[in-house]
Amino acid sequence: MGTPHCQKLLNQTHWVQAIHTAVKGRARYKVNGLYHSEALKRYLESRLLEDKIILQARANSYTGNVLVSFHPDNSSNAIALLIQEIVLDYRKKVSKSLGTSNLHSFGTKENIGFVGGNNRNIFDSAVLSQISMQRQLNQTASQLIPVVCVLVCGTALLYAYNLDEAILLLIQKLHTPLRDRIMLGITFLGDPLVMLISSLGLAISPLYSNRRRQATILGIAGVGAILLNCLMKISFGRARPALWKHIINVGQHSFPSGHAMVSIVIYGFTGYILAKQFPEWRFWIYGLTVFLIAAIGFSRLYLGVHWLTDVTAGYATGLVWLIACILILESEQQGIIDELEGRLETASIQTKPTFVG
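Just so it is clear, the model here is predicted, and its values are computed rather than measured. (Residues numbered from 1 in each chain as written. Predicted model: local features only at pLDDT ≥ 70, side-chain atom pairs only at ≥ 80, totals over all residues. Heavy atoms only, no water.)

### Points about the pattern of salt bridges
Counted by the stated rule, this structure contains four salt bridges. Between Lys-41 and Glu-45 there is a salt bridge, and its shortest N-O distance comes to 3.5 Å. Remark: Glu-45 and Lys-41 occur in helix 2 (residues 38–50); sequence separation between them is four residues, near one turn of the helix. For Lys-41, a relative accessible area of 18% translates into the label buried. Take Glu-45: its relative accessible area is 18%, and that puts it in the buried class. Between Arg-47 and Asp-89 there is a salt bridge whose closest N-O contact spans 2.8 Å. Taken together, the residues span a long stretch of sequence, with Arg-47 in helix 2 and Asp-89 in helix 3 (residues 76–98) at a distance of 42 residues. (Salt bridge = Lys/Arg side-chain N within 4 Å of Asp/Glu carboxyl O. Helix = DSSP H or I, 4+ residues; strand = E, 2+ residues; numbered from the N terminus. Buried < 20%, exposed > 50% of the residue type's maximum accessible area, 1.4 Å probe, protein only.)

### Notes on the sheet that holds strand 3 (residues 54–60)
Adjacent strands of a sheet form backbone hydrogen bonds with each other and so pair up, either parallel or antiparallel. Strand order in this open sheet of four strands is 1-2-4-3, and the pairing throughout is antiparallel. Taken across any chain shown, the strands that pair with only one partner, and hence form the sheet edges, are strand 1 (16–20) and strand 3. Strand-to-strand twist in this sheet, taken as the mean axis angle between neighbours without regard to direction, amounts to 25 degrees. Here four bridges tie strand 1 to strand 2 (residues 26–31), and the two strands are oriented antiparallel to one another. (Pairing = 2+ DSSP bridges. Axes fitted to C-alpha atoms, helices over the stretch in contact; angles between N-to-C directions.)

### Details of a nonpolar patch on the surface
On the surface, a cluster of nonpolar side chains totalling about 330 Å² of accessible area is made up of Leu-157, Tyr-161 and Leu-163. For Tyr-161, the position within the fold is in the loop between helix 4 (120–160) and helix 5 (164–172). (Patch = residues over 30% accessible without salt bridge, like charges linked within 9 Å, V, L, I, M, F, W, Y side chains within 5 Å. Areas by Shrake-Rupley, 256 points an atom, 1.4 Å probe, with all protein chains shown as cover.)

### Quick word on the confidence of the model for the protein chain
On average, residues of the protein chain score 77 in pLDDT, and 72% of them reach the 70 mark or higher. When mean pLDDT is compared element by element in the protein chain, helix 6 (residues 177–189) scores highest at 94, while helix 1 (residues 3–13) scores lowest at 46. Counted against residues more than four places away or in other chains, residues 1–13, with its pLDDT under 50, gives 18 contacts. Segment residues 351–357 is flagged for pLDDT under 50; beyond a separation of four residues in sequence, or across chains, it makes 15 contacts in the model. (pLDDT = per-residue confidence, 0-100. Contact = heavy atoms within 4.5 Å.)

### Structural notes on the packing of helix 9 (residues 258–277) against helix 10 (residues 282–302)
Following both chains from N to C, one finds helix 9 and helix 10 inclined at 170 degrees, their axes separated by 9 Å at the closest point. Regarding the angle of helix 9 to helix 10, the classification is roughly antiparallel. Across the interface between the two elements, His-259, Ser-263, Ile-264, Tyr-267, Gly-268, Gly-271, Tyr-272, Leu-274 and Ala-275 from helix 9 touch Arg-282, Ile-285, Tyr-286, Thr-289, Leu-292, Ile-293, Ile-296 and Arg-300 from helix 10. Looking at side-chain class alone, the contact of helix 9 with helix 10 contains 10 nonpolar, five polar and two charged residues. (Parallel < 35°, antiparallel > 145°, perpendicular 65-115°, else oblique. Nonpolar A, V, L, I, M, F, W, Y, C, P; charged D, E, K, R; others polar.)

### A look at the pairing of strand 4 (residues 65–70)
By the criterion of burial, strand 4 is predominantly enclosed, with five of the six residues buried. Across five bridges, the pairing between strand 2 and strand 4 is antiparallel. The residue bridging Arg-28 from the neighbouring strand is Leu-67, located in strand 4. Note: strand 3 against strand 4, six bridges, orientation antiparallel.

### Here's the deal with the environment of Gly-185
Among the structural elements, Gly-185 can be located in helix 6. Between the C-alpha atoms of Gly-185 and Ser-299, which are 114 residues apart in sequence, the distance is 9.0 Å.

### Let's talk about helix 5
It helps to recall that an α-helix has 3.6 residues per turn; residues three or four apart then point in one direction. Here helix 5 has its buried residues at Asp-164, Leu-168 and Ile-171. The arc that holds every buried residue of helix 5, seen down its axis, measures 60 degrees, which confines them to one face. (Arc of directions from axis to C-beta.)

### Observations concerning the nonpolar core
Within the largest apolar cluster, 41 residues are counted, with the highest numbers of intra-cluster contacts made by Val-262, Ile-264, Phe-269, Leu-301, Tyr-315, Leu-319 and Leu-329. Put simply, the parts of the chain that give this core at least two residues each are helix 4, helix 5, helix 6, helix 7 (192–204), helix 8 (212–236), helix 9, helix 10 and helix 11 (308–351). Aside from chain neighbours lying at most four places away, what touches Tyr-315 is Leu-151, Ala-260, Ile-264, Ile-293, Ala-294 and Gly-297. With 24 residues, the next largest nonpolar core counts Trp-15, Tyr-29, Leu-48 and Leu-82 among its residues. (Core = buried A, V, L, I, M, F, W, Y, C linked by side-chain atoms within 4.5 Å.)

### What about the side chain of Lys-233?
Note on placement: Lys-233 falls in helix 8. Although Lys-233 lies buried, it forms no salt bridge, and the closest oppositely charged side chain, Asp-310, sits 8.1 Å away as judged by the N-O distance. Lys-233 has contacts with Arg-240, His-253, Ser-254, Phe-255, Pro-256, Gly-258 and His-306, leaving out every residue within four places of it along the chain. (Lys, Arg positive; Asp, Glu negative; His and termini not counted.)

### Points about unusual backbone geometry
With an omega of -10 degrees, the peptide bond between Phe-255 and Pro-256 qualifies as cis. By the element assignment, Pro-256 lies in the loop between helix 8 and helix 9. Despite not being glycine, Asn-162 has its phi angle at roughly 55 degrees, a positive value. Within the fold, Asn-162 resides in the loop between helix 4 and helix 5.

The structure is reproduced here in structure tokens:
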């Protein structure tokens, strides 16, 4: 099992990623599909400990990591390939049990769990865990809908009471040369053209060939957000604020804010993907994502190139498009979950299995 061969196979799948290999004979790996899968956790630990070169193996279904101690004569790549072979075997058992070939993309259906033979309880428990996780994803999307409603109502109230000008004049009092430079930097991060090029670059990049579906939808999200924003700006034709001289070049139309709308779509979608990939950091990821999006919106107000209603309307419209893109991403997984739930219900009637809590 040569190291170059190991590295080649690992690069082709990316199901196992070494994240800490500094200590010889000890390494930590990120395993795609381990998060919230107790069945895969037990299967990995059991299979690894059967191998003579493995001294100790501990999997964590909360972080998706596996910590392995092994004989120093073996390389970390060889251990990664061993883990990958176990995951492949696990996947084959899942496919055989379900009697379907729909599970060819294991990375997008991470948490389906199965241990063959006499342990049907583990399989049923893992299926229920996957169904529960998908329902939580659906609840997350549903929880964003009230945010859209709040943004729409807030935009309507701000416009009805004519508060846009008063708020901009209040923000103008914060101006200093240093803050001007900071806000120019922040607003650059939300430039629709910059984000469009970045999202399309990721969509066609070979580095993301193992996540082609996610990268493609990211590209579609960016293009769709910009096209929708341009259409709305032409339709409303609202003039930009002219309360003071602008220090940045802008277009003619103002409503809704393209920076606000496109940033919530691109950064929001990217944050969602990162949170799924690194669930142990999801609160930091979501927090930083929200902070960045809010900072971009505030920078447009600080620079005096948008009314507050432009920004809130941009957030509301972008959030609707973001929810749609996330639902498209998860639609394939939802179909698998529906199939699993049906098969599990059928099996319950026929065999009356015992579920593991």
